[in-house]
Amino acid sequence: MSKKIGVLVMSYGTPASLDDVEAYYTHIRRGNPPGAEQLKELKDRYEAIVGGVFPLRENTDNQVLGMQNMLNEHTKDSDLEFVCYQGLKHAFPFIEDGVEKMAADGITEAVGIVLAPHYSTMSVASYIKRAKETAEKHNLPISFIESYHLHPKLIETLSNRVNAKLELFEETGATREQVRVLFSAHSLPERILTMGDPYRDQLMETSKAIAERANVPSWQFTWQSAGRTAEPWLGPDVLDTMQELAKEQVKYVLVAPIGFVSDHLEVLYDLDIEAQELATEIDMRLMRIDSLNTDPLYMEVLADEVIRKYKEVHA
Ligand SMILES: CC1=C(CCC(=O)O)c2cc3nc(cc4[nH]c(cc5[nH]c(cc1n2)c(C)c5CCC(=O)O)c(CCC(=O)O)c4C)C(CCC(=O)O)=C3C
Ligand SMILES: [Fe+2]
């Protein structure tokens, strides 16, 4: 008999349909329904990227499946079997649902991981807190991977993606030196910096590692997708950075959203629509690296991390 280990795979969550955007947004806003205008604005952004069908959740479903297959590939000669459960921060199945399902299925040991490589008190820490609290109620031992932003296979696959697009620029007549690579990630409120949060440092480390490995001559880091709240969020925003680069006569820009692992709103709207529109306006050629989605190397990163954590607990 093999031993079943539960793997709680957590992510931000995306609505299940356009009709679901209101409930989703209300959850993000801690139960306060958005105003009609705010709701319309978010719905319009989703509508612009999905065009009626709503495929975004499939990205996460496929990642979870791919990761489970990779895990069991790695452990096929052992007496371990990994079973993955989804737990989302703002959508069904919620983090609590995932943990409860594990307990109901008779799982007696679990590992948790987030589909985001960088640790922050406002993202990963809050996912872990909710999972831990629910697991405690069920007496289910669970350990967590906090970050994996320098995993060699993560750096390898992101570097490959940067290189592929730099080569595409070269094919269209630009030199590598003329292309500015912009590493980007989801902005967070500025106050994380006074909280000793490692988020920004980890993002800089990932950026540096990719730039070195992919031999990127010219790069910088920028934020994107800041929330629409009154408090200040980390900047500069990618749109402002593009305007600055236009002033410096930079004509070719490659954006590498390294804080995201899948195609969703921040990539398909904020970069592919909003930033592309600005690029057209200011006569800049903008490309972005492909998202990881079910990239086998990314699946290996996730599987490696889970197995490593399991071994660490049993050492
Ligand atoms: C750090 C971070 C990540 C990356 C790490 C991780 O993945 O965890 C991330 C990912 C995502 N954020 C997403 C969507 C949204 N985030 C919002 C708002 C917020 N994000 C925040 C942080 C993050 N968010 C924060 C501090 C807020 C303010 C409210 C709050 O404290 O939560 C809002 C509200 C409206 C708006 O402000 O635009 C939306 C719609 C989607 C799914 C998109 C899709 O469905 O395709 C994904 C993957
Ligand atoms: Fe977000």
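The protein chain has the name Coproporphyrin III ferrochelatase in an unreviewed UniProt entry, where Paenibacillus nuruki is given as its organism. Quoted verbatim from the Catalytic activity (unreviewed entry) field of UniProt, the annotation for the protein chain is "Fe-coproporphyrin III + 2 H(+) = coproporphyrin III + Fe(2+)". Turning to the protein chain, the UniProt record has this under Function (unreviewed entry): "Involved in coproporphyrin-dependent heme b biosynthesis. Catalyzes the insertion of ferrous iron into coproporphyrin III to form Fe-coproporphyrin III."

Visitor: Quick rundown of helix α7 (residues 199-213)? Include the residues and the values.
Guide: Given a rise of 1.5 Å per residue, 15 residues ought to cover 21 Å, and the 21 Å separating the end C-alpha atoms of α7 matches this to within 8%. Turning to α7, its buried residues are Tyr 199, Gln 202, Leu 203, Thr 206, Ser 207, Ile 210 and Ala 211. A positive backbone phi angle near 50° is found at Asn 215, which sits one or two residues after α7.

Visitor: If you had to explain the domain arrangement of the protein chain to someone new, which residues and values would you point to?
Guide: Looking at the assigned domains, one finds that the protein chain contains domain 1 (3-148 + 294-314) and domain 2 (152-288). Computed over C-alpha atoms only, the centres of domain 1 and domain 2 are separated by 25 Å. With 24 residues of domain 1 at the interface, the matching set in domain 2 holds 29 residues. Across the domain 1 to domain 2 interface the summed buried area is about 2,300 Å²; carbon plus sulfur atoms make up 63%. Remark: the boundary between domain 1 and domain 2 carries 5 salt bridges. As a salt-bridge pair, Arg 228 and Glu 41 come within 3.4 Å of each other at their nearest N and O atoms. Those elements that place two or more of their residues in the side of domain 1 that touches domain 2 are α2 (36-50), α3 (56-74) and α10 (296-314). Of the residues assigned to the side of domain 1 that touches domain 2, the class counts are 13 nonpolar, 6 polar and 5 charged.

Visitor: Outline the sheet that holds strand β5 (residues 179-186), supporting the account with residue identities and numerical values.
Guide: Sheets are built from strands that pair by backbone hydrogen bonding, the pairs being arranged parallel or antiparallel. Spatial strand order, β6-β5-β7-β8: 4 strands in an open sheet with parallel pairing. What marks the edges here is a single partner per strand, and that holds for β6 (219-224) and β8 (285-288). For this sheet the average axis-to-axis angle between neighbouring strands, irrespective of direction, equals 30°. Sheet topology places strand β7 (residues 252-256) next to β8; 4 bridges connect them, and they run parallel. Following the sheet pairing, Tyr 252 is matched in β8 by Arg 285. Along the sheet face, helix α6 (residues 152-171) touches β5, β7 and β8 and points at about 165° away from the line of β7. Here helix α9 (residues 265-281) sits on the sheet and contacts β5, β6, β7 and β8; the angle it forms with β8, its principal contact strand, is near 170°.

Visitor: Report on the sheet that holds strand β3 (residues 110-114), specifying residues and quantitative values.
Guide: The parallel open sheet is built from 4 strands, whose spatial order is β2-β1-β3-β4. Since the sheet does not close on itself, it has two edges, and those belong to β2 (80-88) and β4 (142-144), each with one partner. If you compare each strand with its neighbour and ignore which way they point, the axes differ by 25° on average. Relative to β3, strand β1 (residues 3-11) is paired through 5 bridges, and the arrangement is parallel. Across the sheet, Val 7 pairs through a bridge with Val 111, a residue of β3.

Visitor: Requested: an account of the confidence of the model for the protein chain, with residues and values cited.
Guide: With 99% of its residues at a pLDDT of 70 or more, the protein chain has an overall mean of 96. What the predictor reports for the complex is a pTM of 0.96 with an ipTM of 0.93.

Visitor: How would you sum up the pairing of β2? Please name residues and give values.
Guide: The buried count for β2 comes to 8 of 9 residues, which makes it a mostly enclosed element. Note: β1 against β2, 9 bridges, orientation parallel. Its bridge partner being in β2, Ser 11 is matched across the sheet by Leu 88.

Rules used throughout
- Note that residues are indexed from 1 along each chain, following the sequence as it is written.
- A letter from A marks each chain and a number from 1 marks each ligand, given out in the order of writing.
- Only residues with pLDDT of 70 or above have their local features reported here, since the model is predicted, and side-chain atom pairs are shown and tallied only from 80 upward, although totals for entire chains, interfaces and linings are computed over all residues.
- Only hydrogens and water are set aside; all other atoms, that is, all heavy atoms of the structure, feed into the side-chain values.
- UniProt positions are given in the numbering used here, feature names are shortened, and annotations may be inferred rather than shown by experiment.
- The numbering of helices and of strands both runs from the N terminus, where a helix is a DSSP run of H or I of at least 4 residues and a strand a run of E of at least 2.
- Expected helix span is given by 1.5 Å per residue-to-residue step, counting one fewer step than there are residues.
- Note on classification: 1.4 Å probe, protein chains only; a residue is buried when its accessible area is under 20% of the maximum for its type, exposed when over 50%, partly exposed between these limits.
- Note: domain ranges come from an automatic or database domain assignment.
- Contacts are assigned to residue pairs with any non-hydrogen atoms lying within 4.5 Å of each other.
- In short, buried area is how much 1.4 Å probe accessible area vanishes from two parts on joining, totalled over both.
- Note on definitions: salt bridges are taken to be side-chain nitrogens of Lys or Arg within 4 Å of carboxyl oxygens of Asp or Glu.
- Residues are grouped as follows: Ala, Val, Leu, Ile, Met, Phe, Trp, Tyr, Cys and Pro are nonpolar; Asp, Glu, Lys and Arg are charged; every other residue, Gly included, is polar.
- Any two strands with at least two DSSP-identified bridges between them are counted as paired.
- Here, axes are lines fitted to C-alpha atoms. For helices the fit covers the stretch in contact, and angles between N-to-C directions go from 0 to 180 degrees.
- As a per-residue measure, pLDDT tells how confident the predictor is, with possible values from 0 to 100.

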